[in-house]
Amino acid sequence: MKLTQQKRLTLNDIAKLAGVSKTTASIILNNKEEDFRIKAETSRKVREVAEQYGYRANVYAKALQAQRTNVIGLVIPDLTNYGFAQTAKTLEKLCRENGLHLLIACSDDNPTQEKNAIESLLNRQVDLLITAPTHQDPDYYQAILKHTPVLQLDRYIPDLAIPSITSQDTESIAELVENIVRAYALNSFYYLGGQLSLSPSQNRLKGFQIGLEQAHLKAESGWILHKDYQPESGYQMLAEVVEKLGHLPDAIFTASYTLLEGVLRYLTEHKLMSKLVTKELHLATFDDHHLLDALPFHIHSIKQDHETIAQQTFRLINEILQHQTTQSVKIECEIIWRR
């Protein structure tokens, strides 16, 4: 038997089936019957008809009338990234508890996919767009700003007047790197990073270089490698280092927890994990995860405050929706020194 899709009923259809005017049906279904002294029997009848036929209000029509959809769009690079996932989870809860709906999309750290995700969210008439930019084209975001406000999360485009929420990564990385060099008297320290065009990549590399300078360890050619923030890139970069040196370096700093995943997989597959236990290799990373506390060796880390990042993002959302002046925010990081 072929199933046929039923026509979605309109407010006018519900009114006719309930034997009331369209205005009366609208008042009841918007929970304002007491304000207009509509009889309880009439309200009950309209609601029963609406429930029977699965009526849903046209959110776009309501949005057009109210000039608000109460929908916020969020585009993040990777849904499996622990940091972005933590921020998104808290932000979604804050939005939900305050009458807003957060729609989350993924860019896969690809500029084309980010633009596709943004266009999809804009088609849903979001009141505000939050994105972690995957490219540095200010004209693209300027065009969006003509009709929809934008917030930048974790990343920002220099010289573009869009408020951002970022972490103070440079200072914390510099301090951690200096301490590691001094504590272990290192002779070599390798940096594995993501796309250098992105603002976090530039800031984290700057922190690493400052840390080496403060510890009086002169960086040599080849110590700094860049690909993207996928685990496979961490694996590949470490493979390149080992192939070039013929052995592991003294220490490695990964610019994200995802890159650390790739490094650990390489060490596991090549039976080199014991080097961490014997402290022949020292690891440090930007981003933190509670699993690092359960390992039989020490991986020092920079922990972002994702709870505060989400709270500050929500504060800026409200300021923008209320047409208030907003300022960019930097959130302090915590150094996790595992001894």
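Structure: see above.
Residues numbered from 1 in each chain as written. Predicted model: local features only at pLDDT ≥ 70, side-chain atom pairs only at ≥ 80, totals over all residues. Heavy atoms only, no water.

Colleague: I would appreciate a short explanation of unusual backbone geometry in the present structure.
Modeller: Leave glycine aside and you will find that most residues have negative phi; peptide bonds, for their part, are mostly trans. For Asp108, which is not glycine, the phi torsion reads 55° and is therefore positive. Relative to the helices and strands, Asp108 is located in the loop between β2 (101–106) and α6 (111–123). Despite not being glycine, Lys279 shows a phi value in the positive range, around 60°. Inspection of the secondary structure assignment puts Lys279 in the loop between α12 (274–277) and β9 (282–286). (Helix = DSSP H or I, 4+ residues; strand = E, 2+ residues; numbered from the N terminus.)

Colleague: Can you walk me through the sheet that holds strand β7 (residues 224–226) in this structure?
Modeller: Working definition: the strands of a sheet are paired by backbone hydrogen bonds and lie parallel or antiparallel to each other. One open sheet accounts for six strands, arranged β7-β6-β8-β9-β10-β12; its pairing is mixed. Lying at the two open borders of the sheet, with one neighbouring strand each, are β7 and β12 (334–336). Adjacent strand axes in the sheet meet at a mean angle of 15° when their direction is disregarded. The sheet contact formed by strand β6 (residues 190–193) and strand β8 (residues 251–254) spans three bridges and is parallel. Bridge assignment links Tyr190 to a residue of β8, and that residue is Ile252. Sheet strands in contact with helix α8 (residues 169–184) are β8, β9, β10 (299–303) and β12, and its direction is about 165° off that of β10. In the packing of helix α9 (residues 199–214) onto the sheet, the strands contacted are β6, β7, β8 and β9, and the crossing angle to β6 comes to about 175°. (Pairing = 2+ DSSP bridges. Axes fitted to C-alpha atoms, helices over the stretch in contact; angles between N-to-C directions. Contact = heavy atoms within 4.5 Å.)

Colleague: Any chance you could explain the sheet that holds β2 here in plain terms?
Modeller: If you walk across this open sheet you meet the six strands as β2-β1-β3-β4-β5-β11, and the pairing is parallel. Of all strands in the sheet, those with a lone pairing partner are β2 and β11 (329–331), marking the two edges. Each adjacent strand pair in this sheet contributes to an overall mean axis angle of 20°, direction not counted. Looking at chain direction, strand β5 (residues 164–167) and β11 are connected through three bridges and run parallel. Each bridged residue has a counterpart across the sheet, and for Ser167 the counterpart in β11 is Ile331.

Colleague: I keep staring at empty space enclosed by the protein and nothing clicks. Help me out?
Modeller: Where empty space is left becomes clear once a probe the size of a water molecule has been rolled over the atoms. Counted by the stated rule, this structure contains two cavities of 30 Å³ or more. The computed volume of the largest cavity comes to approximately 230 Å³. What lines the largest cavity is a set of 20 residues, and nearest its centre among them are Asn81, Phe84, Asp154, Arg204 and Asp287. Among the secondary structure elements, those contributing two or more residues to the lining of the largest cavity are α5 (82–97), α9 and α13 (306–321). For the lining of the largest cavity, the element with the most residues is α5, which contributes three residues. Of the residues belonging to the lining of the largest cavity, the class tally is six nonpolar, eight polar and six charged. (1 Å grid on protein atoms, 1.4 Å probe; cavity = no way out; pocket = protein on both sides within 12 Å on 5 of 7 lines; lining within 4 Å. Points joined across faces, edges and corners; volume = space filled by probe spheres on them. Nonpolar A, V, L, I, M, F, W, Y, C, P; charged D, E, K, R; others polar.)

Colleague: I tried to follow the packing of aromatic side chains on my own but got confused; where do I start?
Modeller: Two descriptors summarise a pair of aromatic rings, namely the distance from one centre to the other and the angle between the planes of the rings. Overall, the coordinates contain eight aromatic pairs when judged by the stated rule. Here Tyr191 and Phe208 contribute two aromatic rings whose centre-to-centre distance is 5.1 Å and whose plane-to-plane angle is 50°, an arrangement assigned as tilted. Taken together, the residues span a long stretch of sequence, with Tyr191 in strand β6 and Phe208 in helix α9 at a distance of 17 residues. By relative accessible area, Phe208 is classed as buried at 0%. Members of the aromatic cluster, each reached through a chain of ring pairs, are Phe189, Tyr191, Phe208 and Phe253. We note Lys115 situated over the ring of Tyr140; from NZ or CZ to the ring centre the distance is 5.0 Å. (Phe/Tyr/Trp six-rings, centres within 6.5 Å; stacked < 30°, edge-to-face > 60°. Buried < 20%, exposed > 50% of the residue type's maximum accessible area, 1.4 Å probe, protein only. Lys NZ or Arg CZ within 6 Å of the ring centre and 35° of its normal.)

Colleague: Please clarify how the environment of Tyr235 should be interpreted in this entry.
Modeller: The topology assignment puts Tyr235 in helix α10 (residues 231–245). On the accessibility criterion, Tyr235 (14% relative accessible area) is buried. C-alpha separation for the pair Tyr235 and Leu100, spaced 135 residues apart in sequence, amounts to 40 Å. Dropping the residues within four chain positions of it, Tyr235 is found in contact with Gly262, Val263, Arg265, Tyr266, Glu269 and His270. Within the structure, the side chain of Tyr235 is placed 2.7 Å from the side chain of Glu269, a separation counted as a polar contact. (Polar contact = N/O pair within 3.5 Å; in protein donor to acceptor, adjacent residues only side chain to side chain.)

Colleague: What is the right way to look at the pairing of β5 in this model?
Modeller: In the case of a regular strand, side chains alternate between the two sheet surfaces. Burial along β5 is two-sided: Ser164 and Thr166 and Ile165 and Ser167, pointing in opposite directions, are all buried. Inspection of the sheet shows strand β4 (residues 150–153) paired to β5 by two bridges, in the parallel sense. Residue pairing for β5: Gln152 is matched across the bridge by Ser164.

Colleague: Help me out: how do you make sense of α6 in this one?
Modeller: Working note: α-helix, 3.6 residues per turn, so residues spaced by three or four point in the same direction. The terminal C-alpha atoms of α6, which comprises 13 residues, lie 18 Å apart, in line with the 18 Å expected from a rise of 1.5 Å per residue. When α6 is considered as a whole, its buried residues turn out to be Glu114, Ala117, Ile118, Leu121 and Leu122. Down the axis of α6, the buried side of the element spans an arc of 135°, and every buried residue falls inside it. Opposite the buried face of α6, by more than 90 degrees, sit the exposed residues Thr112 and Asn123. Where α6 is buried, its residues meet β1 (71–76), β2, β3 (128–131) and α7 (138–145). For α6, the N-terminal cap is Asn110; the gap from its side-chain oxygen to the backbone nitrogen of Thr112 is 2.8 Å. (Expected span 1.5 Å × (residues − 1). Arc of directions from axis to C-beta.)

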